Amino acid sequence: MELNMRCRSCDGQRLGLILSLGRMPLANSYLTSEQLSRPERLYPLDFVLCPDCTLVQITETVPPEILFREHLHFSSDSDARRTHAPTAADNVLAHVADLNGFVRGVALRLMDEGVVQFEVPYVKDLIDHVEFDTIHHEHLCYFSLTALDRLSHRHGLRLLDVERLPIHGGSLRVQFVRAASHQRTRESVPTLLREETAWGVGRQEFYDSFARRVEQLRARLCLLLTDLRRKGKRIAAYGAAAKGSTLLNFCSLSRNTIEFVVDRNPHKQGRYMPGVRIPILAPDQLLAQMPDYTLLLTWNFGDEILAQQAAYRQRGGKFITPVPEPTIA
Ligand SMILES: [Zn+2]
């Protein structure tokens with residue numbers, strides 16, 4: 001597939017399609033009841049690889065004035081990610097539209113021996129664990145260390161250290177210094193760069209099976225849920241987050257299948273999931289209404305949510321985790 005777009009990092013023109021999620025609503029635009037009578041705007045969500053600099057990215061950039069107009073992203077779940085780094089900018093890199101402008105600005109502000117740290121979701125974990133639901137319109141770039149290495153070189157920076165973290169389905173914590181810094185690059189950097197070359201970070205072949213595995217996951221999940229509904233089981237979902245929007249819309253799960261979604265954020269309660277228009281309620285509704293099954297949309301907080309919902313589970317409620325493959329717990 002030919003795509004009329006240039007790479008967000010290196011300006012390359014050879015972008016290759018990995019997966020098209022079709023036209024999707026904006027994942028964080030939770031609807032009010034008044035908005036239910038109006039159509040929603042849909043935007044293409046195409047996931048592509050730049051073979052020149054290895055950056056995986058989406059092609060569409062929704063203008064920020066549209067993207068953030070109805071933005072209810074102030075989640076309560078980011079506490080676990082606070083770090084005491086020299087300069088921490090968690091998850092910013094993956095969301096910034098002017099990638100080179102942003103990194104140029106960072107490089108300009110960095111002291112001679114300063115260190116800047118970022119955390120980004122790691123594309124290798126996304127592919128390996130079929131985390132297609134982490135793809136949405138605000139999440140523009142899906143980094144490998146190789147892509148970060150090339151990006152930083154362009155702006156006079158150098159990788160100092162990298163660490164793989166289990167959070168959010170797998171992330172990288174990376175540190176950069178000025179290229180001329182006296183601090184020695186840690187062994188973790190060349191080690192992971194070599195690993196990435198070995199699995200084919202910049203080669204379309206590595207990503208080729210991803211679309212097929214996503215299709216398999218969708219088919220299995222739909223079959224499981226349809227089967228449960230046919231048996232008269234009631235199903236809810238947990239977590240009105242961007243990844244929930246992507247999953248529900250990609251699998252076309254409407255209110256016929258999922259009665260309601262629960263979320264701890266009071267600003268989301270009373271609204272509706274974009275696209276599929278399922279109502280969002282408070283988490284205590286799981287106990288109050290006792291659906292037989294709850295689809296765990298925010299699986300990245302799975303342990304925490306299952307612990308919080310001990311009473312629901314003791315009464316027989318079951319959770320379905322959708323990725324890497326649908327499992328019941
Ligand atoms: Zn590129």
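Refer to the preceding data block for the structure.
This report concerns the structure included in the present document. (Residues numbered from 1 in each chain as written. Predicted model: local features only at pLDDT ≥ 70, side-chain atom pairs only at ≥ 80, totals over all residues.)

1. Quick notes on the overall build of the chain
The line we're drawing: Comment: elements are numbered from the N terminus, with helices defined as DSSP H or I runs of at least four residues and strands as E runs of at least two. In this treatment the radius of gyration is a C-alpha quantity, and the globule benchmark scales as 2.2 Å times the residue count to the 0.38 power. Neighbour counting defines burial: a residue surrounded by 20 or more other C-beta atoms within 10 Å of its own C-beta is buried, one with 12 or fewer is exposed, and intermediate counts give partly exposed, using backbone-placed C-beta atoms.
Helix and strand counts for the chain come out as 10 helices and 14 strands. For 329 residues, the compact-globule estimate of 2.2 N^0.38 gives 20 Å, and the C-alpha radius of gyration of the chain, at 21 Å, lies within 12% of that figure. Along the first, second and third principal axes, the C-alpha atoms of the chain reach 65 × 45 × 40 Å. Per-residue burial over the chain gives 40% buried out of 329 residues.

2. Description of the nonpolar core
As a reminder of what qualifies: For the purposes of this analysis, a nonpolar core is taken to be any set of buried Ala, Val, Leu, Ile, Met, Phe, Trp, Tyr and Cys residues that are connected through C-beta atoms within 7 Å. In this description, any two residues whose backbone-derived C-beta atoms lie within 7 Å of each other are considered to be in contact.
Counting 86 residues, the largest nonpolar core has Cys141, Phe143, Ile258, Val261, Met273, Leu295 and Leu296 as the members making the most contacts within it. Broken down by element, the residue count for this core peaks at five residues, all from helix α6 (residues 204–230). Among residues more than four places away in sequence, those in contact with Phe143 are Leu93, Ala94, Val120, Val123, Leu148 and Leu172.

3. Comments concerning the pairing of strand β5 (residues 116–121)
Along a regular strand, successive side chains alternate from one face of the sheet to the other. The criterion, for reference: For two strands to pair, DSSP has to find at least two bridges joining them.
The element β5 is largely enclosed, with a buried count of five among its six residues. Sheet topology note: the β5/strand β8 (residues 171–178) ladder contains six bridges and is antiparallel. Residue pairing in the sheet places Phe118 in a bridge with Val174 of β8.

4. Considerations on the environment of Ser20
Considering the arrangement of structural elements, one finds Ser20 in strand β1 (residues 16–24). Put simply, Ser20 and Val130 are 110 residues apart on the chain and 14 Å apart in space, counted from C-alpha to C-alpha.

5. Thoughts on the sheet that holds strand β10 (residues 261–262)
Sheet architecture is open: six strands sit in the order β11-β10-β9-β12-β13-β14, paired in mixed fashion. Two strands close off the open sheet at either side, each with one partner strand: β11 (280–281) and β14 (327–328). Bridge count for strand β9 (residues 235–238) against β10 is two bridges, and the pairing is parallel. Bridging across to β10, Tyr238 finds its partner in Val262.

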